[in-house]
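Letter by letter, the chains look like this.
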Amino acid sequence: MVNFCARFIPNLATLAKPLRDLTKQHVKWKWTSTEQHAMDSIKSVLTSETTMAYYNPSHKIEVLVDAGPVGLGAILVQYPTTRDHSASPRIVSYASRVLTPVETRYSQIEREALAIVWSCHKFHLYLYGTQFSVITDHKPLERLFNDPQSKPPARIERWLLKVQPYRFNVQYQPGSDNPADFMSRHPLPSSPTSHEERCAEEYVNFVSMYAVPKAQATKADTTLQAVIQAVQTKQWHNAKLQPHVDRKSVECLFHIQRELSVNSDQSLLLRGTRIVIPSKLQNHVIDLAHEGHQGISRTKQLLREKVWFPTIDKQVEEKVSCCLACQVTTNTSNIEPLRMPEASKNPWESVSIDFCGPFPSEFKQFANYLGFQHQRITPYWPQANGEAERFMRTLKKTARTAKVEGRSWKQNLFTFLRNYRATSHSVTHQAPAILLFNRAINVKLPQSQTVAPADPNHQQALDASCKSRQKNKVHFDKRNKAKSSEFKVGDAVLLRNSKKGKLQTPYEHQKYQIVKKKESMITASNDNRQVTRNSSHFKKFKEKKGETDNPGNKEEQPSKQNTNERPKRKTKPPAYFGYKQSDK
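Quantities reported herein were computed from a predicted structural model and do not represent experimental measurements.

Undergrad: It is not clear to me how the overall build of the protein should be interpreted in this structure. Could you clarify?
TA: Helix and strand counts for the protein stand at 21 helices and 14 strands. Buried positions account for 36% of the 584 residues belonging to the protein. Restricting the contact set of the protein to residue pairs at least 6 apart, pairs at least 24 apart contribute 65%. Just so you have it, the protein exposes about 38,100 Å², and 53% of that area is on carbon and sulfur atoms.

Undergrad: Would you take a moment to explain a nonpolar patch on the surface for this structure?
TA: On the surface, W348, V351, I353, F355, F359, L436 and F437 cluster together to form a nonpolar patch covering roughly 760 Å² of accessible area. Of note, F355 is situated in the loop between helix 16 (324-329) and helix 17 (363-370).

Undergrad: Quick question: what am I supposed to make of the nonpolar core here?
TA: In summary, soluble globular proteins display a tendency toward joint burial of nonpolar side chains. In this structure, I116, F132, F145 and F168 are the most contacted members of the largest nonpolar core, which totals 34 residues. The dominant element in this core, judged by the number of residues it contributes, is helix 4 (residues 108-122), at eight residues. If sequence neighbours within four positions are ignored, F168 has contacts with I116, C120, Q131, F132, V134, F145 and V163. With 32 residues, the next largest nonpolar core counts A154, L269, I277 and V320 among its residues.

Undergrad: Before we go on, may I ask you to explain the environment of N497 in this structure?
TA: With respect to the element layout, N497 can be found in the loop between strand 10 (492-496) and strand 11 (507-518). In this structure, the C-alpha to C-alpha distance between N497 and V328, residues 169 residues apart in sequence, is 9.3 Å. For N497, the contacting residues outside a window of four places in its chain are Q504, T505, P506, Y507 and E508. Polar contacts involving the side chain of N497 include one to the main-chain amide nitrogen of K499, which spans 3.1 Å.

Undergrad: What is the right way to look at the confidence of the model for the protein in this model?
TA: When pLDDT drops low, the exact placement of atoms in the prediction is not to be read closely. Averaged over all residues, the pLDDT of the protein is 80; the fraction at 70 or higher stands at 81%. Predicted confidence is poor over residues 547-564, with pLDDT under 50, and the contacts of this stretch with residues over four places away or in other chains come to 24 contacts.

Undergrad: Quick question: what am I supposed to make of the sheet that holds strand 9 (residues 307-308) here?
TA: Within a sheet, each strand pairs with its neighbour through backbone hydrogen bonds, oriented either parallel or antiparallel. The four strands are arranged 6-7-8-9 in an open sheet whose pairing can be described as mixed. Pairing within the sheet leaves two strands with one partner each, and these edge strands are strand 6 (260-262) and strand 9.

Undergrad: Even after reading the chapter, I still don't get helix 12 (residues 247-254), so can you show me in this structure?
TA: Residues three or four positions apart in an α-helix share a direction because the helix packs 3.6 residues into each turn. When helix 12 is considered as a whole, its buried residues turn out to be S249, V250 and L253. Buried residues of helix 12 fall within an arc of 100 degrees about the axis and therefore sit on the same side. Where helix 12 is buried, its residues touch helix 10 (222-233), helix 11 (236-241), strand 6, strand 8 (274-276) and strand 9.

Undergrad: Explain the pairing of strand 11 here, please?
TA: With four bridges connecting them, strand 10 and strand 11 associate as antiparallel partners. When the sheet's bridge partners are listed, V493 is paired in strand 11 with Y512. In this antiparallel pair of consecutive strands, strand 11 and strand 12 (residues 521-525), the connection spans two residues, and E519 shows a positive phi of 55 degrees.

Undergrad: So what exactly am I meant to see when it comes to the side chain of S520 here?
TA: Looking at the element boundaries, S520 is found in the loop between strand 11 and strand 12. Look at S520 and you get buried, because its relative accessible area is 17%. Reaching out from S520, the side chain makes a polar contact with the side chain of N534 at a distance of 3.3 Å. Excluding residues within four positions of it along the chain, S520 makes contact with E336, R339, R533, N534 and S535.

Undergrad: Hey, could you run me through the packing of aromatic side chains in this one?
TA: Aromatic ring pairs are defined here through the distance separating the ring centres and the angle between the ring planes. Using the criterion set out here, one finds 13 aromatic pairs in the structure. Centre to centre, the rings of W236 and F254 are 5.6 Å apart; their planes meet at 70 degrees, and the pair counts as edge-to-face. Of this pair, W236 sits in helix 11 while F254 sits in helix 12; the two residues are 18 residues apart in sequence, bridging distant segments of the chain. Relative accessible area serves as the criterion here: at 6%, W236 is assigned to the buried category. Here the aromatic cluster, defined as three or more aromatic residues joined through ring pairs, consists of F132, F145 and F168. Residue placement shows R271 over the ring face of W308; its charged tip is 4.8 Å from the ring centre. When the ring centre of F437 is taken as origin, the NZ or CZ atom of R439, which lies over that ring, is 5.7 Å away.

Undergrad: Would you mind going over the pattern of salt bridges with me for this structure?
TA: Pairing between side chains of opposite charge can happen when their charged atoms approach one another. With the rule as written, the count across this model stands at 16 salt bridges. In this structure, D313 and R304 form a salt bridge, with 2.8 Å as the shortest nitrogen-oxygen distance. Residue classification places D313 among the partly exposed residues on the basis of a relative accessible area of 31%. Between R529 and E508 there is a salt bridge, with its nearest N and O atoms 2.7 Å apart. Of this pair, R529 sits in the loop between strand 12 and strand 13 (530-534) while E508 sits in strand 11, placing them 21 residues apart in sequence. Owing to a relative accessible area of 36%, R529 belongs among the partly exposed residues under this scheme. Residues participating in the shared-partner salt-bridge network are K488, D491 and K540.

Cut-offs and rules
Residues numbered from 1 in each chain as written. Predicted model: local features only at pLDDT ≥ 70, side-chain atom pairs only at ≥ 80, totals over all residues. Heavy atoms only, no water. Helix = DSSP H or I, 4+ residues; strand = E, 2+ residues; numbered from the N terminus. Buried < 20%, exposed > 50% of the residue type's maximum accessible area, 1.4 Å probe, protein only. Contact = heavy atoms within 4.5 Å. Areas by Shrake-Rupley, 256 points an atom, 1.4 Å probe, with all protein chains shown as cover. Patch = residues over 30% accessible without salt bridge, like charges linked within 9 Å, V, L, I, M, F, W, Y side chains within 5 Å. Salt bridge = Lys/Arg side-chain N within 4 Å of Asp/Glu carboxyl O. Core = buried A, V, L, I, M, F, W, Y, C linked by side-chain atoms within 4.5 Å. Polar contact = N/O pair within 3.5 Å; in protein donor to acceptor, adjacent residues only side chain to side chain. pLDDT = per-residue confidence, 0-100. Pairing = 2+ DSSP bridges. Arc of directions from axis to C-beta. Phe/Tyr/Trp six-rings, centres within 6.5 Å; stacked < 30°, edge-to-face > 60°. Lys NZ or Arg CZ within 6 Å of the ring centre and 35° of its normal.

Below is the structure:
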């Protein structure tokens with residue numbers, strides 16, 4: 001009879017607590033004044049008048065819920081008119097129940113969400129098919145239940161599916177104004193397991209069973225075991241003090257404790273529906289996600305959708321950036337700023353030539369004999385002799401036009417050079433012949449004999465040349481986004497591949513080591529050969545860190561921060577007591 005009238009008796013759980021304790025296992029039977037008083041109080045309540053309202057479908061409905069450490073409470077309330085100061089609430093029904101041993105280990109947000117789900121099922125006869133409001137004293141539930149794009153933990157996600165047939169919105173109200181708070185702290189006895197618990201635990205176990213075949217590694221991880229214990233007991237300060245525990249990982253997990261959940265056998269820790277990977281498997285998980293050699297961003301995206309662990313972004317960046325296959329197949333541009341040579345102040349002071357083929361061995365002796373300096377450019381870097389290389393393109397055009405017209409290309413070359421030397425240069429604004437001979441040369445074009453002799457201004461031409469060089473340098477550096485190289489002797493580098501083909505990688509897969517560096521000219525060697533190239537032909541190779549820096553070995557290396565000693569501070573006696581420094 002008492003259980004049948006429970007919804008009409010307020011605070012029944014509190015009144016029946018002494019009697020309910022006698023039904024527990026291993027409790028010695030006793031009947032004292034406390035039990036007799038409880039029995040008399042229940043009899044009095046059963047025979048007294050209780051003001052309860054009839055349910056009216058046309059009135060506004062509210063469900064006040066709350067979750068305590070040991071129980072859940074809910075009150076079904078109706079308002080005859082709109083909710084204002086003139087309308088008083090009418091209680092239709094009370095409800096409360098005790099949490100099961102598994103449910104008592106839920107986090108607070110999960111217990112509060114369980115109270116909402118349980119109250120909807122408890123008052124299903126009144127709530128199904130109508131619009132109502134749920135009042136709770138846990139503000140984060142407003143976002144989880146009202147926002148369709150929220151990402152709740154696994155248990156709450158399962159419960160959200162269970163309450164989809166109901167039309168309601170969650171509203172926050174402080175606990176001091178919520179009468180269901182008392183009922184949640186004094187619940188009625190219930191069965192050892194609940195329907196909501198079974199649904200949630202089955203869903204979490206399903207995720208753990210089919211997501212990770214190596215879940216047993218979590219049991220061997222001291223850090224995750226300490227976190228699992230902290231999630232269940234809410235004592236996070238003890239987790240940091242346990243030996244062989246990574247305190248940084250514990251602090252990182254502490255900030256997301258509301259998203260964490262544990263499966264039934266405590267062998268898996270979940271963040272939402274994602275697995276929290278133990279330290280020993282983190283490198284292996286990153287290797288699995290990097291199969292196929294996706295980039296850093298896409299590897300992170302794939303990992304975040306399936307698993308999670310502290311410092312996931314940092315470890316992925318280090319792993320992918322040190323991958324040899326990715327470095328060899330990724331093309332990069334590291335062109336240095338253009339170095340312009342000084343303009344020649346005297347004729348024949350500097351001569352640039354483009355010679356097809358290697359110089360004979362006697363050329364070095366010939367240069368020493370005549371007293372001039374032979375400067376060679378970097379191999380496979382024609383930009384270092386850009387002026388001569390550009391003029392070669394013009395000469396090739398002249399040879400091709402001679403072939404089209406059926407003329408001798410040698411004779412056509414002399415004709416082109418005569419007109420070229422008589423034409424004003426675009427940089428110096430004077431003809432090359434005038435600057436060299438201090439006079440204009442004759443061409444086939446008619447000209448007046450009264451033209452005054454040429455008076456070239458060599459300094460003006462030199463200034464114009466320097467100005468043009470500086471302009472070209474600025475344009476080149478900006479277009480190529482040039483920046484100074486960070487190469488130094490001893491660095492491990494990759495050499496740009498000279499072979500072309502669809503399956504050829506931009507860089508050779510063999511590593512080189514820099515042995516000599518002169519401005520942008522770098523000489524590197526390995527066991528097979530030695531090459532000299534421009535710095536743009538090299539790419540710095542990122543090597544993996546040593547085993548001591550591997551985050552997967554953190555468990556084997558106890559952290560130096562794991563100490564129970566508090567930091568000591570220097571003490572000094574107050575001066576107004578007359579103490580001196582020598583009195584210590």
